[in-house]
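# Working through the structure, step by step
Spelled out, the chains give:
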There are 4 protein chains.
Amino acid sequence: MTRTGVWLIGARGNVATLAVVGARAVARDLTATTGMVTAREPASRLDLPAIDDLVFGGHDVHSGSLVASARRHQERNGVPDRDVLDAVEPDLAAVDERVRPGVAVNTGPAVSESADDLRSADSLRDAVEALRADYAEFQTNDDLDRVVVVNVASTEPPLADPDRYDTREAVERAIDEDDPDLPASALYAYAALAEGHPYANFTPSTGSDLGGLREMAREENVPHVGKDGKTGETLVKSALAPMFAGRNLRVLSWEGHNVLGNEDGRVLEDEANEAGKLTSKGGVLDGILPDIGHNRVRIDYTPSLNDWKTAWDYIHFEGFLETEMTMQFTWEGSDSALAAPLVIDLARLLAYADEHGEGGLQRHLASFFKAPLDVDEHDFSRQVDMLDEYVRRHADGSDVERVPTEGEE
Amino acid sequence: MTRTGVWLIGARGNVATLAVVGARAVARDLTATTGMVTAREPASRLDLPAIDDLVFGGHDVHSGSLVASARRHQERNGVPDRDVLDAVEPDLAAVDERVRPGVAVNTGPAVSESADDLRSADSLRDAVEALRADYAEFQTNDDLDRVVVVNVASTEPPLADPDRYDTREAVERAIDEDDPDLPASALYAYAALAEGHPYANFTPSTGSDLGGLREMAREENVPHVGKDGKTGETLVKSALAPMFAGRNLRVLSWEGHNVLGNEDGRVLEDEANEAGKLTSKGGVLDGILPDIGHNRVRIDYTPSLNDWKTAWDYIHFEGFLETEMTMQFTWEGSDSALAAPLVIDLARLLAYADEHGEGGLQRHLASFFKAPLDVDEHDFSRQVDMLDEYVRRHADGSDVERVPTEGEE
Amino acid sequence: MTRTGVWLIGARGNVATLAVVGARAVARDLTATTGMVTAREPASRLDLPAIDDLVFGGHDVHSGSLVASARRHQERNGVPDRDVLDAVEPDLAAVDERVRPGVAVNTGPAVSESADDLRSADSLRDAVEALRADYAEFQTNDDLDRVVVVNVASTEPPLADPDRYDTREAVERAIDEDDPDLPASALYAYAALAEGHPYANFTPSTGSDLGGLREMAREENVPHVGKDGKTGETLVKSALAPMFAGRNLRVLSWEGHNVLGNEDGRVLEDEANEAGKLTSKGGVLDGILPDIGHNRVRIDYTPSLNDWKTAWDYIHFEGFLETEMTMQFTWEGSDSALAAPLVIDLARLLAYADEHGEGGLQRHLASFFKAPLDVDEHDFSRQVDMLDEYVRRHADGSDVERVPTEGEE
Amino acid sequence: MTRTGVWLIGARGNVATLAVVGARAVARDLTATTGMVTAREPASRLDLPAIDDLVFGGHDVHSGSLVASARRHQERNGVPDRDVLDAVEPDLAAVDERVRPGVAVNTGPAVSESADDLRSADSLRDAVEALRADYAEFQTNDDLDRVVVVNVASTEPPLADPDRYDTREAVERAIDEDDPDLPASALYAYAALAEGHPYANFTPSTGSDLGGLREMAREENVPHVGKDGKTGETLVKSALAPMFAGRNLRVLSWEGHNVLGNEDGRVLEDEANEAGKLTSKGGVLDGILPDIGHNRVRIDYTPSLNDWKTAWDYIHFEGFLETEMTMQFTWEGSDSALAAPLVIDLARLLAYADEHGEGGLQRHLASFFKAPLDVDEHDFSRQVDMLDEYVRRHADGSDVERVPTEGEE
């Protein structure tokens, strides 16, 4: 296809770092595409931007570099392989040149207090303009056909009463009046949509999940999607819970206990930031098992584990003749290594949608998210079917028949 | 609907016992329908035979009684509740009156050596005639509109070279010539189909899984389905494996270790009988994850566990950038309490198909089985979709439009 | 030996109920002594009070009855067996006659707000006198040679600054001056020691763990012991942690997550009450593994589990050449069934010590407790050795040579 | 102390490789002594040979090199760290110079068929003489004060009827008469004892575990010890099982399932070789829990796991009032990284015993072994006490008072 820019909010974080390392390692033929959904049938049949045509840049509020992040990640987690890292280090250094200071308004003290690479701005409107300028400069300097913006920054505290931003006008006014609550993630999203850049929110933060921003995406026909990448325990839940539903087994209690030790874990130690995460995680079970008796998720910070998100889930359920049974699982996944390929997938799929003029919410990407916007289906297999169905429709050459977008319902 | 007979092969075993206890407890309003697929949406919308209109009988090769089986099961496993058992005991006693001696040809020494309630017969043809007479007598004596035969007997050793029975003629000849290999489960199935009784094989034994019997079912337009009820570890596999496939994660090894202590476990101690079981269990993963590196299933007999089938599965998989990760689960389920409601479901659904003239293989029931005949789809969610789709087609009143059956493809 | 009274603080709770049910079931030869430490070698060689010579009574602040508690426990947890319960019901009813209203000062709102069977008293001194009178009446009415008091009531919030009660005089003054902080558990302990009754504290509450009460026990030569019965996850920790220490493996993190659904769990939902518990639980690991990197314990209330205390522990450790490894375990124990036999053990062993004139702290009973008073050894095997050593000294007839008690060091 | 040679049987295997890498890394101050028992209190108080005074050599029947083994181990398991490996590579190369071809008589086809670096010998006596010459040459060439021989080779099939070698004379005769059953491990042990070299058997193979060899060790006053290093699942069992015993809990079933993917695992795929291992492993539980109901251990070969020995143990037990409960654990340990430091410990402790003239069986080292010769105590804490007691006796300067050795009982 074409030269596609991928602009990562949180560009020096673990997920961004592994995404860039991985994309460059694939491009240099040093690793396989395992873990990438767009590398498997049937999505691989779509005419997506080639991985070596992706150009990376981004914002971050913490100083440092991708090279340093990658080295640290390697030392702590043994991933990526050192030879791979040595080979792609020049590529990372090139991306480092394209990282700009970010904004941290309303991201909670756990993020903002450690932020040390902040874009100065006199007002929200100034901040937004600066972000737009960064996106534009990226596209121009690197001669890109298209820029996709992906939020992979730390989780913000949940926004109270989001309905007040339910129209495009309300959002514009909030920005103009220096609204004290509008969080950074919404500013990045606004700036992307305003510039016509496809946008994905891989975090539980607000991002494009405001009525006003959705309206804007529809009106401007810009593809967007979110939110909260489904990579670990919640992914497993979305595969397992339908089994209990399908067999009419009654889940009495589902306890989930996550421990992890990366930056994400550190930020989630702050209860305010954790609240946003837990809402997304809890919703999957409530959606699939409306009669669930007890549903609790805990996330704890355990430094020694670094990026290894370890989750223990205990499921107490009842079957025929009131027989009580249990199932438990332990998931030990490298959170960033699970997330990184999905970031690449989303960038490619959003670029594809944009190329085909398919603006608005991209519901067929629900399988990527814990809290897919406007999609009630949480069963992972059925969400995958939605993507496969999309692929089949497009790969047949029947691209003319566009997917229904939000505005047209 | 109508008065439906349910004839259970292995009528005094755990699964049969709990199925009868449960059906009667539901009929007497002493327990909920938890665990029954036909009690949930959308299957509950079909006009199925009412649970209190089901009449049970069956064959068994071991002496004893359902009352004694139920008491023993209660003492060992705490299920069913004693009050429930007291209340349904007269119903069990009535079913005991309808249990007839069975046949145990080619069931392996683990079964045949302990068999002590055998129907005497001079030849296979005699045996088959006797079984047919038993079915017929059941229907007449109990004034039944229809009889559904369900195999819930112990697992037989796998049949070598089943292709030799690929035509109806070959099966008939094998029976006439007292073939030394044809197993008991096939005789029961033959007898059922010959009499026009719908047939379900809940075990990994041969049952109706012979080309000749399938031909017969098509020609006589008798619904049948199988095989090997999916109730525990394999059920979980069929829900989880699609997650790895859907995310393009490479499973390096999947170890499954089952321990259980009931009669089923005792019979599976015999390696010959175990072989049949392992084939069904292993196939699910190979179907969903064609590139799986290593796939082993073990079943061990641990007497103290009784009916509590406990399985530990350990999954070693690789993600992006060659990152190796693991997931493990422990399943502790009461095998019979999971199987029993499905037996009732199958009886009701086969009766329904028969009532609607839908003979041949019932592919929409694939979700019930580890090795669904003629269905390659092992993803549990998608199998459930097949059933839901069937229900929607029928519940809309569009019953006229019959499901395509095997013979018509 | 002799007729021994066992006075249970929290007499209608789960632990007390199962202790009484079990003692009576053993006395009536309806169950084995599995789970009782005094029934195994070498402790079984001591000349302890016979189980059928134990007479039970107690205090409780919640109305109800042991009969009702036992029935409820049976229904929810399947334990005890119904036949056993039927047989001992008259014995339970007899004990119910001997239960008196209790006091609930400073037990935290989770306890005191639900308390509905409270002894009225105008002052702490009045309350203490009433408790003493109850003990005395029990001894007289039931013609007992000795009364042992065991605290099995719900956990109190931890007492701030316990050093202010460091002398007997300070305790007396606090009682006389209606001290607003002195908790109920200390009043029960004071009353017991004042009357010369041996006392055991099976809970994390204060009980006899005040300098002033220890002084009193020494001066009056009354045996006492505590605190916080070691029955589940912490028991396992005290067996496993020495393995890491003995092999010089470095524990980086030890996460413990407990879920349970009984009254104990409900009270621990209150953070104040939970604090006391977590202190005892955490101390074991810190004692055995002084260099542990991260040590967290969580207790969550999960109603559907009832008395089944389920714990998942995840241990991340480092070996030679910085190799990081993990171990995890899941414990599924019936908390009360694990605690109940130990209550009987403690009553018998304290009666024995009292009979032999061994007053003061009973350090040889450390293996029973999470936070054994004045004992630093937390290795379970070594704690068991302390008991075995005591037994050997006494069983050899060398009873003359008394164990050193606190006052004599 | 002095210059001590450590002669490793199986010198190119994983355990030997990591032991050499680790010893050299410690000597070069590149890693900590985590995992070494002699580095912790109180054993660290003994005047043991310094780690940088250890000189390594050995036999192997497979060609290759330690350098290659270490590289392969690093790539497959991520251990040791690459920087460490780079630093010690010259040391490994020096050890490679001192590795001699071994003998593989009666080691089973799984070993002997892959053996490609065999010492040629016309008879058993010739073979023994050659081994002795190798040991002697090592001592002379490297100017060593003492040589300790440690068997870390692959597991042999168990020896049938070992009693026939019950005297020194019988062993001598067997060697002279080219006995067809005497396994290689016994020849290595014989050669060591004949030369007066202390000997440790870290494997389940026969080694010095023959009456005749024990007699020889006593007569020649050579220290020896064995067998089967306790490093993973069995270590955990020996810590946990005493907990069940100490609380009088009845273990109904203890299932242990081990999966691993290293050379050890490959050899154990051969049922004959596995038999020896399972005997050692099973004995620990039978020793601690004589009334155990069911005790099974499985070892399966799962290539993708490499050196990561993963074990799942499921314990079904009964407590008071017949309450059935369960505990399960999963152990994920790097087998070689756990074994390697113990090999260094044993070499140091045997050198110490030899220096102090303490020949014969070294019972105080029981904590290192699954099947400690002549020691019935399997409780890990108590075994550690045996070592600590030894240390205290010696560290006090009271070395004069020698530990009782086998011959003096």
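It should be emphasised that the depicted structure is a prediction, and the values quoted were computed from it without experimental measurement. (Residues numbered from 1 in each chain as written. Chains lettered and ligands numbered in written order. Predicted model: local features only at pLDDT ≥ 70, side-chain atom pairs only at ≥ 80, totals over all residues.)

### Thoughts on the relation of the copies chain B and chain A
Once chain B has been moved 0.0 Å along the axis and rotated by 180 degrees, it coincides with chain A to within an RMSD of 0.0 Å. Such a combination of rotation and displacement between the chain copies is what one expects of a two-fold axis. Among all residues of chain B, the minimum C-alpha distance to the rotation axis is found for Phe329 of chain B, at 2.0 Å. Comparing interface residues between copies, 100% of those in chain B also sit at the interface in chain A, which points to an isologous, same-surface contact. (Least-squares fit on C-alpha atoms with pLDDT ≥ 70 in both. Contact = placed C-beta atoms within 7 Å.)

### Overview of the sheet that holds strand β2 (residues 54-60) of chain C
Residue and element names in this part refer to chain C. The strand order across the open sheet formed by 7 strands is β3-β2-β1-β4-β5-β6-β11, and the pairing between neighbours is parallel. Strands with a single pairing partner mark the edges of an open sheet, and in this sheet they are β3 (99-101) and β11 (360-361). Bridge analysis of strand β1 (residues 4-9) against β2 gives 6 bridges, and the strand direction is parallel. The residue bridging Thr4 from the neighbouring strand is Leu54, located in β2. (Pairing = 2+ DSSP bridges. Helix = DSSP H or I, 4+ residues; strand = E, 2+ residues; numbered from the N terminus.)

### Notes on the interface of chain C and chain A
Taken together, the contact between chain C and chain A spans 19 residues of the former and 19 residues of the latter. Breaking the side of chain C that touches chain A down by element, the ones donating at least two residues are β7 (250-260), β8 (295-301), β9 (308-318) and β10 (324-334) of chain C. A total of 5 residues in the side of chain C that touches chain A trace back to one element, the largest contributor, which is β7 of chain C. For the side of chain C that touches chain A, the per-class residue count stands at 6 nonpolar, 10 polar and 3 charged. (Nonpolar A, V, L, I, M, F, W, Y, C, P; charged D, E, K, R; others polar.)

### Regarding the interface of chain B and chain A
Many authors give the size of an interface as the accessible area that is lost as the parts come together. The interface is formed by 52 residues belonging to chain B together with 52 residues belonging to chain A. Counting residues per element, the ones that place at least two in the side of chain B that touches chain A are α1 (14-27), α9 (233-246), β10 (324-334), α12 (335-355) and α13 (380-395) of chain B. A class-by-class count of the residues in the side of chain B that touches chain A yields 28 nonpolar, 15 polar and 9 charged. Inspection of the sheet shows strand β10 (residues 324-334) of chain A paired to β10 of chain B by 7 bridges, in the antiparallel sense. Its bridge partner being in β10 of chain B, Gln328 of chain A is matched across the sheet by Thr330 of chain B.

### Focus on the pairing of strand β7 (residues 250-260) of chain A
One face of the sheet, then the other: side chains in a regular strand alternate in exactly this way. Residue and element names in this part refer to chain A. With 11 of 11 residues buried, β7 is to be regarded as a mostly interior element. Relative to strand β9 (residues 308-318), β7 runs antiparallel, the two sharing 9 bridges. If you follow Val251 over to β9, its bridge partner there is Phe317. Inspection of the sheet shows β7 paired to strand β8 (residues 295-301) by 7 bridges, in the parallel sense. Counted as the bridge partner of Glu255 is Arg296 from β8. (Buried ≥ 20, exposed ≤ 12 C-beta atoms within 10 Å, placed from the backbone.)

Interpretation note: all reported values are geometric properties and have no functional meaning in isolation.
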